[in-house]
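Chain by chain, the residues run as shown.
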Amino acid sequence: MRKYRFGLIMSLALLLFFSSLPSGLAETVEVDSPTLNVRSGPGLTYPVVGQLKDRDRLTILETDGDWLKIQFGEEQGWVAKWLTRSAETSEQSKEVVSKVDSLNIRSSPSVQSAVIGKMRAGAIATANGQEGDWISIILDGREGWVSAEYVSEAKESSFAASGEEEEIEQPTVSKEVTDPDEFTVAVEKLNVRKKATLQSKKLTQINKGDTFPVVATDGNWVQVQLDKKKTGWVYSFHGHLSSNQTKVASTDETDQGIVTILTDGTNLREEPSTSSPVVFRVNAGENYPIIDKQDDWYKITLPNGQQAFVAEWVVTTTDSSSPTGQKQTKQARVKGTLKGLTIVVDPGHGGHDRGTTGAHGSIEKDLTLITAELLATKLQKAGAEVVLTRNSDTYVLLGARASIAQYHDADAFVSIHYDAHVDPSISGFTSYYTRSEQQPLAEAINKGLASTITLRDRGTQFGDFHVLRENNRIGVLVELGYLSNYNEERQITTNHFREQATHGIYQGLLDYFN
């Protein structure tokens, strides 16, 4: 009896111990990068204590935000979560989506190799390998290589239902169509799954224009008859449901076209303004029907029936006048405006890279984003084509920021930052250049800022910044005051200051190009 009690107590103790462990510990991941630095702590500021290579397997000991504490050999350290992948799914092929128009597909992983095709913005391809900064893809049956900087991992629609693992026994009919008979695919490629859930096994892919009989519906999911014996589930928003009485399409009856999202984490807003609240965030490759266009914003419909606005400069469109969704040829330069110019605005930091933290606790990555969005709106209204390197709290590699300017053949690149110093009395704004040909733009913008804001003018200075050094376009990096200065932080974090500062940068650009 004592042995039984002792065994029972030990069993309960072990059960309580293991159940108290944080979820996710003892999970195994693989390195998903040619090389991966191991650091002494969870952040880029910690020293490198080791290095791993692609496909090395690691055991997770602890997590801290976007960082993983791992065991490698007899040592422990921290690695960036975004450079790892689940060991269980590492052997499965991934899908990537092009973030830009006319992305070159090359015969080998080199810019010197032949161009054998192109990917339009939002097109999805199967990735089957990587070599350095190049990804091997299969698109429409053709193999080739694309630059990893211009694609991101394709995700299912942000609005897809989470679903359950069990089969649905009593599916409900979608309220948009009564007794739908057919489903017609409206996107280039659409995954068909075994169950009505994103976690379910992918059975196959079906193509744009294919039509299938509808077996059942469950919320936003549709079960289709693939052949005489096989059925599968698809997400209904990516096609047309039709019945004997009516037909519901994924585009609005006004046929104003479709927007394709170019960047993960793109903001959808209540009103056509960067100051309007964000109602949802969506990912690269997702398509939404256009209801209307107001100034530089598209009004779109979401799968749940909600309507929202997305900025023109973070999407590409497909309509009757532009069937391929390609970028339009640049307009002729119009003096006194920014028409005919392409300007890339770079909100510094983002994601795991918070930038500096102010004396009052303000975070640089948040301030740079809202400042950049306000600047983009002003430049757009002045006629410029504006490209943001990020439009949400995501991390973009420094090299990729420079490459975005190169890809879009930018006339100017403006990187927005806020400064900090160990001496809290240091104050003022600064405009930096790295190469001599960038100095005139830095001087013009610094002069524009000096005319609109009241901070100390620290002038135009040389700075060895990666986004300028590796950028073959004319660029400037502006530091809009010191967050480490107690009084200056209170001033530079206000809406009034951002209005003045962005107007100064706009004025500087206008003077430079005039």
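The rules behind these values
- Residues numbered from 1 in each chain as written.
- Predicted model: local features only at pLDDT ≥ 70, side-chain atom pairs only at ≥ 80, totals over all residues.
- Heavy atoms only, no water.
- Core = buried A, V, L, I, M, F, W, Y, C linked by side-chain atoms within 4.5 Å.
- Buried < 20%, exposed > 50% of the residue type's maximum accessible area, 1.4 Å probe, protein only.
- Helix = DSSP H or I, 4+ residues; strand = E, 2+ residues; numbered from the N terminus.
- Axes fitted to C-alpha atoms, helices over the stretch in contact; angles between N-to-C directions.
- Parallel < 35°, antiparallel > 145°, perpendicular 65-115°, else oblique.
- Left-handed = near helix turned anticlockwise from the far one by under 90°.
- Contact = heavy atoms within 4.5 Å.
- Nonpolar A, V, L, I, M, F, W, Y, C, P; charged D, E, K, R; others polar.
- Pairing = 2+ DSSP bridges.

Draft legend 1. View of the nonpolar core. Counting 54 residues, the largest nonpolar core has Leu338, Leu379 and Leu509 as its most contacted members. Take this core: its biggest share by element is seven residues, from helix H7 (residues 495-513).

Draft legend 2. Geometry of the packing of helix H4 (residues 439-450) against H7. Closest axis-to-axis distance for the H4/H7 pair is 7 Å, and the angle between their directions is 135 degrees. Judged on the interaxial angle alone, H7 and H4 are oblique. Like other packed secondary-structure pairs, H4 and H7 cross with a definite hand, here right-handed. Contacts from Pro440, Leu441, Ala444, Ile445, Gly448 and Leu449 of H4 reach H7 at Ala501, Gly504, Ile505, Gly508, Leu509 and Tyr512. Of the residues in the contact of H4 with H7, the class split is nine nonpolar, three polar and no charged.

Draft legend 3. Region of interest: the packing of helix H2 (residues 364-381) against H7. Relative to each other, H2 and H7 sit at 50 degrees, their axes nearing to 9 Å. One finds that H2 runs oblique with respect to H7. By crossing handedness, the relation of H2 to H7 is classed as right-handed. Counted together, Leu367, Ile370, Thr371, Leu374, Leu375, Lys378 and Leu379 of H2 and Arg498, Glu499, Thr502, His503, Ile505, Tyr506 and Leu509 of H7 form the full contact between these two elements. When grouped by side-chain class, the residues that make up the contact of H2 with H7 number eight nonpolar, three polar and three charged.

Draft legend 4. Just the sheet that holds strand S35 (residues 475-482), in detail. Ordered in space as S31-S30-S32-S35-S33-S34, the six strands form an open sheet in which the pairing is mixed. Each edge of the sheet is formed by a strand with only one pairing partner; in this case those strands are strand S31 (385-388) and strand S34 (457-462). For this sheet, the mean angle separating the axes of adjacent strands, direction not counted, is 20 degrees. One ladder, built from five bridges, connects strand S30 (residues 342-347) with strand S32 (residues 412-419); its direction is parallel. Looking at S32, one finds that Val345 is bridged to Val414. Against the sheet, H2 makes contact with S30, S31, S32 and S35, and its axis sits at roughly 145 degrees relative to S32, the strand it touches most. Against the sheet, H7 contacts S30, S32 and S35, and its axis sits at roughly 150 degrees relative to S32.

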